[in-house]
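Residues per chain, in single letters:
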Amino acid sequence: MNIKDSLAKLNTIDGFIGAALVDSESGMMLGSEGGGGMNLEVAAAGNCQVVKAKMSTMRSLGISGGIQDILITLEDQMHLIRPSRTMPSLFIYLAIDKAKGNLAMARMKLQSVEGELRVGTVSAAGKEQLLILLSPPTWFGEISVLDGQPRTHDAIAEAVNHY
């Protein structure tokens, strides 16, 4: 996944302020887009604590499953945190202007960026070998239909995308 290109897609959201890809285990920001006057590194580190606290609370309550997103509504901003389904230690943080942004559209775009298509195979040892992540709307083909040979790779949709 090209982090810069993926985060740049979020820049098209009305009211976009900034976005970051964050490793919740280390608190480090792996990439960012925008930010304006907002310090995205501080926001990334702080939101790691939000994600960890929510996961801890869910465990304490016996709630299974993952977090789809966390919404924090401020007086003039909305902050969305979306953990990755493929790498639970990573999340995308998005800040938008409350007056200019549309929460439903921001959620859809964030889901689209997070929902990559993984193309790869599994080794004899059972380990996944990832070749590429394709973002929607990318087209790909099934070569075995044409050459009659066994499929060499699998394509797995990581999240529902509405395109």
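Conventions and cut-offs
- Residues numbered from 1 in each chain as written.
- Predicted model: local features only at pLDDT ≥ 70, side-chain atom pairs only at ≥ 80, totals over all residues.
- Heavy atoms only, no water.
- Pairing = 2+ DSSP bridges.
- Helix = DSSP H or I, 4+ residues; strand = E, 2+ residues; numbered from the N terminus.
- Axes fitted to C-alpha atoms, helices over the stretch in contact; angles between N-to-C directions.
- Contact = heavy atoms within 4.5 Å.
- Buried < 20%, exposed > 50% of the residue type's maximum accessible area, 1.4 Å probe, protein only.

Caption draft 1: Here's a closer look at the sheet that holds strand 4 (residues 77–83). A sheet is described by the order of its strands in space; here 5 strands give the open sequence 2-1-5-4-3, paired in antiparallel fashion. What marks the edges here is a single partner per strand, and that holds for strand 2 (28–34) and strand 3 (70–73). Direction aside, neighbouring strands of the sheet carry axes that sit 15° apart on average. Of the strands in this sheet, strand 1 (16–23), strand 2 and strand 5 (90–97) touch helix 1 (residues 3–10), which is tilted by about 45° from strand 2. Taken strand by strand, helix 3 (residues 103–114) contacts strand 3, strand 4 and strand 5, and its axis lies near 30° from that of strand 4.

Caption draft 2: Up close: the environment of Lys109. Within the secondary structure, Lys109 is located in helix 3. We classify Lys109 as partly exposed; its relative accessible area is 26%. In this structure the C-alpha to C-alpha distance between Lys109 and Lys9, which are 100 residues apart in sequence, comes to 8.0 Å. Not counting the four nearest positions on each side in its chain, Lys109 is found in contact with Lys9, Leu10, Thr12 and Ile13.

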